[in-house]
Amino acid sequence: MRKGRLFAKIIYYVFTFAIGVVLALGLPYHFVNYTIPGEYVSERLQCDDYDSAMTLVSDAFEREPVYKSDLPDGGKIVLFNALLSEQKVFEDVDGSRARYSELYFGILGFVYGTTQLNVYSEKDNLAALEAERTDGKTTSVPLTDFDANGDGVNDGNSVYQNNGYIIAEIDSRKADSVRKLTLKNADGSVFWTSEPVNLTFDGEFFDVFAQLPLYNQLSFNYVQRNADTETIAQQLSDLMQSFVDSVAENDGFHINREDDPEYSAVYRQVVKRANARAIPLIIVYFVVIYVIGDFLLGNFYIVKFFKWFLFKVCKIPRKKKEPKKEEVFGHDYYSMVTMSLDISDAQDLSGSVEIKYTNSDAEVKFTLLKAENYTATQRIKAGVYVNPFIDINRSFAAVDLPDNLEIEGYRVQKTVKIVRVDSASGSSPQEDISNIQEQDSDHLREPQTESDEQTKQEK
């Protein structure tokens, strides 16, 4: 039994601690990558801190917005020239796969502070940002990013639902210019339309990344079969460094890199908040599994600790618990039991009286004789005996014959009161006994007033 309990404890703690380790590693990662960035961006947008917000959603950007406008219900739309990245997968002829990154230009920004824009619909969702190009054609960018009902079609925008803003993006690979913007609700109705604009992918910011096609080609070559990965990696590093150096020459541009103080400050804030969210959950998990383990499989150390704290430290007095008789004596012994009759109200009793009790193991019988003053003693095994029976002259009865005869201790004295029964009254012996008890009770009462005392004397 002890070995089985030890084995159960080992299995329980190994399994629960393994889950705890996964949580300790996975929760901070989840919060850093999925939960906290959205909350942080929403907070920064409310403060018009666009630099911090753009740092988390783009690789590089021009600090000054290329377009900014108010929305009908008090919200805003703000757009920036930006450098973005997309993860792509290369599949070789043998079925092996490799991921590589492709950079591209975009006009990126936020729609925020609005409560009237509706982007959720599980059927025919048309929520989109439409960009009309200078050639008159329109590029539509869907504003949905999650499938609520599992039909394979996106139904809503998770960032907007959770954090109250939408990331608006116009991809340079799909639209080379923009002369008008339109926001549409999920039902296809127009929510907002901009005044005429002139947005293109020309200018000093884009000139900094003029060698972007070369970078993408090298990134693609890096994952090819038999590629000289060492040489290509060095070329990619040199090209990225040239981008960083060019951006550093202009205070109006920003590019994310690990040694950049601005990027590091934003990232530290996200990590700090993620840890503050994850650590309490992890601590609670380990506390819960220990409490459960201590109560189910442990030695009740928690209960022992509280008892020690309450009774030893706080000096709370213990409530004394009377031990059960069987805990004091047990039942595996014999007692000398003396049974007597009180015949003070039955002086003319002359015959023998027999009293019997039984339990599952034995029968106890006392034969009481007048010659022995109606007293008998015998050796009886300790315990509780039931089913009382008395054999006595019908003119007499026992008043207080106990229903249970409890034999505890090494010497026991029991006395049963005998009274005469008035058989001429026509009442039963039990009724006569009840009357006698009531009369005895009346005799014990004292008169409460002077008139009561006088009445009693007259009687």
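Structural notes, computed from the coordinates. (Residues numbered from 1 in each chain as written. Predicted model: local features only at pLDDT ≥ 70, side-chain atom pairs only at ≥ 80, totals over all residues. Heavy atoms only, no water.)

### Regarding the overall build of the chain
Then comes step 1: A count of helices and strands for the chain gives eleven helices and 20 strands.
Then comes step 2: Burial statistics for the chain: of 459 residues in total, 36% are counted as buried.
Then comes step 3: Within the chain, counting contacts between residues at least 6 apart in sequence, those at least 24 apart form 64% of the total.
Then comes step 4: Roughly 28,200 Å² of accessible area belongs to the chain as shown, and the carbon and sulfur atoms make up 51% of that amount. (Helix = DSSP H or I, 4+ residues; strand = E, 2+ residues; numbered from the N terminus. Buried < 20%, exposed > 50% of the residue type's maximum accessible area, 1.4 Å probe, protein only. Contact = heavy atoms within 4.5 Å. Areas by Shrake-Rupley, 256 points an atom, 1.4 Å probe, with all protein chains shown as cover.)

### Considerations on the pattern of salt bridges
Then comes step 1: With the rule as written, the count across this model stands at 23 salt bridges.
Then comes step 2: Residues Arg63 and Asp51 are paired through a salt bridge, measuring 3.0 Å at the closest nitrogen-oxygen approach. Pair noted here: Arg63 is in the loop between strand S1 (60-62) and strand S2 (67-70) and Asp51 is in helix H2 (residues 50-57), with a separation of twelve residues, a long-range link.
Then comes step 3: Overall, Arg63 belongs to the partly exposed group, its relative accessible area being 23%.
Then comes step 4: Looking at Asp51, the relative accessible area reads 22%, which means it is partly exposed.
Then comes step 5: Linking Glu132 and Arg179 is a salt bridge whose minimum nitrogen-to-oxygen distance equals 2.7 Å. Taken together, the residues Glu132 in strand S5 (residues 128-132) and Arg179 in the loop between strand S8 (177-178) and strand S9 (180-184) connect sequence positions 47 residues apart.
Then comes step 6: Taken together, the salt bridges that share partners define one network made up of Glu86, Lys88, Glu102, Asp171 and Arg173. (Salt bridge = Lys/Arg side-chain N within 4 Å of Asp/Glu carboxyl O.)

### Brief notes about the pairing of S2
Then comes step 1: Burial of S2 is one-sided: the residues Tyr67 and Ser69 facing one way are buried, the residues Lys68 and Asp70 facing the other way are not.
Then comes step 2: Pairing of S2 with strand S3 (residues 76-91), which is carried by four bridges, proceeds in the antiparallel orientation. The partner of Tyr67 across the bridge, within S3, is Leu79. (Pairing = 2+ DSSP bridges.)

### What to know about unusual backbone geometry
Peptide bonds are, in most cases, trans, and in most cases residues other than glycine have a negative phi.
Then comes step 1: Backbone geometry places Asn226, a non-glycine residue, at a positive phi of 65 degrees.
Then comes step 2: In this structure, Asn226 sits in the loop between helix H5 (212-222) and helix H6 (229-248).
Then comes step 3: Here Tyr374, not a glycine, exhibits a phi torsion of approximately 50 degrees, which is positive.
Then comes step 4: Topologically, Tyr374 is positioned in the loop between strand S15 (363-368) and strand S16 (375-381).

### Let's talk about the sheet that holds strand S13 (residues 334-345)
Then comes step 1: Strand order in the open sheet formed by four strands is S16-S13-S20-S18, with mixed pairing between adjacent strands. Looking at which strands have only one partner, the edges of the open sheet turn out to be S16 and strand S18 (396-398). Shown here is a sheet whose adjacent strand axes are inclined to one another by a mean of 30 degrees, direction ignored.
Then comes step 2: In this structure, S18 lies alongside strand S20 (residues 411-420), joined through three bridges in antiparallel fashion. Residue pairing across strands places Ala397 opposite Val419, the latter belonging to S20. (Axes fitted to C-alpha atoms, helices over the stretch in contact; angles between N-to-C directions.)

### Observations concerning the environment of Gly75
Then comes step 1: Tracing the backbone shows Gly75 in the loop between S2 and S3.
Then comes step 2: Residues Gly75 and Tyr165 lie 90 residues apart in sequence; the distance between their C-alpha atoms is 9.6 Å.
Then comes step 3: Leaving out residues up to four positions away in the same chain, Gly75 has contacts with Ser69, Asp70, Tyr112, Gly113 and Thr114.

### With respect to the packing of aromatic side chains
Then comes step 1: Taken as a whole and judged by the stated rule, the model has 25 aromatic pairs.
Then comes step 2: Plain terms: the ring middles of Phe205 and Phe209 are 5.4 Å apart, the flat faces sit at 65 degrees to each other, and that makes the pair edge-to-face. For the pair formed by Phe205 and Phe209, the shared burial category is buried.
Then comes step 3: Ring geometry for Phe305 versus Phe309: centroids 6.3 Å apart, planes at 20 degrees, classification stacked. With Phe305 and Phe309 both in helix H8 (residues 301-313), this residue pair falls four residues apart, about one helical turn.
Then comes step 4: Classification of Phe305 as partly exposed rests on a relative accessible area of 45%.
Then comes step 5: Above the plane of the ring of Tyr104 lies Arg173, whose end atom (NZ or CZ) is 3.9 Å from the centre.
Then comes step 6: We note Arg379 situated over the ring of Tyr334; from NZ or CZ to the ring centre the distance is 4.0 Å. (Phe/Tyr/Trp six-rings, centres within 6.5 Å; stacked < 30°, edge-to-face > 60°. Lys NZ or Arg CZ within 6 Å of the ring centre and 35° of its normal.)

### Description of the side chain of Glu132
Then comes step 1: For Glu132, a relative accessible area of 18% puts it in the buried group.
Then comes step 2: A distance of 2.7 Å separates the side chain of Glu132 from the side chain of Arg179, its partner in a polar contact. (Polar contact = N/O pair within 3.5 Å; in protein donor to acceptor, adjacent residues only side chain to side chain.)

### Brief notes about the packing of helix H7 (residues 261-296) against H8
Two numbers describe a pair of packed helices, the interaxial angle and the distance between the axes.
Then comes step 1: Running from amino to carboxyl end, H7 crosses H8 at an angle of 95 degrees, the nearest separation of the two axes being 8 Å. Relative to H8, the element H7 lies roughly perpendicular. Of the residues in H8, those touching H7 at Tyr290, Val291, Asp294 and Phe295 are Tyr301, Ile302 and Val303.
Then comes step 2: The class makeup of the residues in the contact of H7 with H8 is six nonpolar, no polar and one charged. (Parallel < 35°, antiparallel > 145°, perpendicular 65-115°, else oblique. Nonpolar A, V, L, I, M, F, W, Y, C, P; charged D, E, K, R; others polar.)

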